[in-house]
Amino acid sequence: MESKKEFFLECYKLGIIKFGRFTLKSGIESPFYVDLRPLASDPKILKNLANYLLEMLPLDNFDLICGVPYAALPMATAMSLESYIPLIIKRKEAKNYGTKKLIEGIYQKGQNCLLVEDVITSGKSLIETIAEVEQEDLKVADIVVVLDREQGGKQLLESKGYRVHTLFNISEVCEILQENGELSDEEVKRIQDFLAGNHIQFEEKIRASYEQKLNNAQHSVSKKLLETALAKQSNLIASADVTTTQELLDLAEKVGPHIIALKTHIDILSDFDYEKTITPLKALAAKHKFLLMEDRKFADIGNTQELQFTSGVFKITDWADFVTSQVIGGFESLDCFKNVGVVAIIGMSSKGALTTNSYREEALKVALSHPNVIGGVSQNELPEEILLFTPGVNLAESGDGKGQQYNTPEHVFKTLHTDFIIVGRGIYKSENPAEAAVTYKNEGWNAYLSSLEKKAIQN
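If you're wondering where the values come from, they're calculated on a predicted model, not measured in any experiment.

> Just give me the short version of the sheet that holds strand E4 (residues 87-90), but keep the residues and values in it.
Sheet strands pair by backbone hydrogen bonding; their relative direction is either parallel or antiparallel. One open sheet holds the six strands; their spatial order is E5-E4-E3-E6-E7-E8, and the pairing between them is mixed. Of all the strands in the sheet, the pair left with one neighbour each is strand E5 (103-104) and strand E8 (163-169). Bridge analysis of strand E3 (residues 64-67) against strand E6 (residues 112-120) gives four bridges, and the strand direction is parallel. What sits directly across from glycine 67, in E6, is valine 116.

Printed below as a string of structure tokens:
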């Protein structure tokens with residue numbers, strides 16, 4: 001392909017940018033007007049554009065491509081053809097007949113979708129599109145844009161945790177056109193003045209700190225978790241998905257100093273014995289000052305859950321500080337967990353999980369209203385009234401081939417505003433679990449501190 005500059009000049013010949021005085025949709029008068037739709041009429045240019053956009057991206061990250069209607073649809077189609085990444089089509093609005101679908105195409109819940117946009121100004125159309133795509137339980141992390149008007153939209157989206165890849169910005173193309181004799185110095189100055197005076201206004205938002213959440217915490221377990229996090233400067237929960245008592249106790253000893261809680265699946269131990277398993281485990285928790293979280297994921301009627309919680313060989317009620325529970329049994333099914341905190345399962349990290357958007361909405365209503373619930377497990381941001389526990393956190397991998405989807409500490413704190421990260425295989429499968437725990441502790445704490453910085457959001 002020709003150079004990026006030469007490519008832009010070829011595009012420019014199609015009349016994609018006009019200079020003068022133009023009234024925009026917002027009512028603002030602009031010295032330039034951008035319309036990239038003519039690019040779709042030149043097959044060679046459209047093909048080259050697709051390849052330029054694809055070259056900027058980590059293609060292994062995406063399962064799907066979706067263009068923002070309408071100008072970006074042919075661009076997204078060309079990218080799909082060049083990359084063999086499947087295309088889905090978003091309608092401007094759903095039809096009131098037929099399937100009434102807003103998103104057309106073949107896709108599975110949990111897949112990662114790359115969004116394609118022609119021009120970004122305020123970022124409003126992208127924010128709306130992201131919400132509609134995520135409504136279908138697809139994930140959006142990256143957006144590729146042909147031209148950034150440099151009026152704040154890119155910064156807005158990045159402040160919300162999205163990665164925005166831009167091929168050109170208006171300052172860059174003005175420089176190219178000026179060098180090529182297409183724009184005068186006076187016209188360039190007028191555009192620069194316009195950009196300086198028409199940047200999107202932002203207000204500042206500060207994430208609630210652990211200290212602030214501690215002041216507002218109502219449940220004793222919430223308070224203890226937050227106090228432990230502050231004392232140890234850690235937000236790390238280690239998942240102990242091991243199958244013998246010795247493995248469990250060895251892991252607890254190694255990672256205990258660096259975690260705020262150890263998450264157990266007590267029923268997968270092949271040699272469980274209350275005195276030999278729980279008694280020394282509780283001693284290690286006291287020694288290293290961490291809480292015990294039994295990831296039982298209770299999911300039954302209240303009476304059955306109460307028996308599972310208090311009876312049987314595990315006697316979870318005697319040793320767990322908090323437990324996980326589905327809320328599919330309804331509000332009253334959580335009444336039995338009187339002496340522990342409950343982390344409600346709002347959403348799961350596995351690909352294709354059935355915790356759809358409508359389910360999450362109803363589950364959240366229960367979680368917010370029940371006094372035993374201290375937080376939720378979710379892959380989406382939750383209201384600050386409850387604590388957010390995010391599983392599937394891993395620094396080294398993007399997935400495990402079995403449907404598990406991983407996120408980095410930086411991503412979950414910046415995008416989801418999580419409170420605690422849950423790390424499993426990244427620690428217990430590592431050659432040195434203690435060293436891995438220190439790494440995740442530091443990464444998680446630094447990500448939390450970074451998330452306290454002021455976030456720019458649209459007025």
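Structure's up, so let's keep going.
> Which residues make up helix H3 (residues 72-83), and what values go with them?
An ideal rise of 1.5 Å per residue puts 16 Å on 12 residues; H3 measures up with 16 Å between its terminal C-alpha atoms. Taken residue by residue, H3 has Ala72, Met75, Ala76, Ala78, Met79, Ser80 and Ser83 as its buried positions. Those residues of H3 hidden inside the fold are in contact with helix H2 (43-55), E3, E4, E6 and strand E7 (139-148). Just downstream of H3, tyrosine 84 is the residue with a positive phi angle, here 65 degrees.

> Please set out the sheet that holds strand E10 (residues 236-240) residue by residue, giving values where relevant.
Read around the barrel, eight strands follow the order E10-E11-E12-E13-E14-E15-E16-E17 and close on themselves; strand pairing throughout is parallel. If you compare each strand with its neighbour and ignore which way they point, the axes differ by 25 degrees on average.

> Let's hear about a negative patch on the surface: which residues, and what values?
A surface patch of negative charge is lined by Glu247, Asp250, Asp271, Asp273 and Glu275. Take aspartate 273: it is sitting in the loop between strand E11 (261-264) and helix H11 (274-288).

> So what's going on with the packing of helix H10 (residues 245-255) against H11? Which residues, and what values?
At their nearest, the axes of H10 and H11 sit 10 Å apart, and the two run at 5 degrees to each other. Considering their axes alone, H10 and H11 lie roughly parallel with respect to each other. For the pair H10 and H11, the contacting residues are Thr245, Leu248, Leu249, Ala252 and Glu253 in the first and Lys276, Thr277, Pro280, Leu281, Leu284, Lys287 and His288 in the second. For the contact of H10 with H11, a count of residues per class yields six nonpolar, three polar and three charged.

> Tell me what's going on with the packing of helix H6 (residues 170-179) against helix H7 (residues 185-197), and back it up with residues and numbers.
For the pair H6 and H7, the least separation of the axes is 10 Å and the interaxial angle reads 175 degrees. For the element pair H6 / H7, the angle class is roughly antiparallel. Judged by residue contacts, Ile170, Ser171, Cys174 and Gln178 of H6 engage Asp185, Val188, Ile191 and Leu195 from H7. By residue class, the composition of the contact of H6 with H7 is five nonpolar, two polar and one charged.

> Please give an account of the side chain of lysine 154 that cites residues and values.
You can see lysine 154 is positioned in helix H5 (residues 153-159). A polar contact is formed between the side chain of lysine 154 and the side chain of glutamate 158, at a distance of 2.8 Å. If sequence neighbours within four positions are ignored, lysine 154 has contacts with Ile120, Asp148, Val164 and Thr166.

Rules and cut-offs
Residues numbered from 1 in each chain as written. Predicted model: local features only at pLDDT ≥ 70, side-chain atom pairs only at ≥ 80, totals over all residues. Heavy atoms only, no water. Pairing = 2+ DSSP bridges. Helix = DSSP H or I, 4+ residues; strand = E, 2+ residues; numbered from the N terminus. Expected span 1.5 Å × (residues − 1). Buried < 20%, exposed > 50% of the residue type's maximum accessible area, 1.4 Å probe, protein only. Contact = heavy atoms within 4.5 Å. Axes fitted to C-alpha atoms, helices over the stretch in contact; angles between N-to-C directions. Patch = residues over 30% accessible without salt bridge, like charges linked within 9 Å, V, L, I, M, F, W, Y side chains within 5 Å. Areas by Shrake-Rupley, 256 points an atom, 1.4 Å probe, with all protein chains shown as cover. Salt bridge = Lys/Arg side-chain N within 4 Å of Asp/Glu carboxyl O. Lys, Arg positive; Asp, Glu negative; His and termini not counted. Charge placed at Lys NZ, Arg CZ, Asp CG, Glu CD. Parallel < 35°, antiparallel > 145°, perpendicular 65-115°, else oblique. Nonpolar A, V, L, I, M, F, W, Y, C, P; charged D, E, K, R; others polar. Polar contact = N/O pair within 3.5 Å; in protein donor to acceptor, adjacent residues only side chain to side chain.

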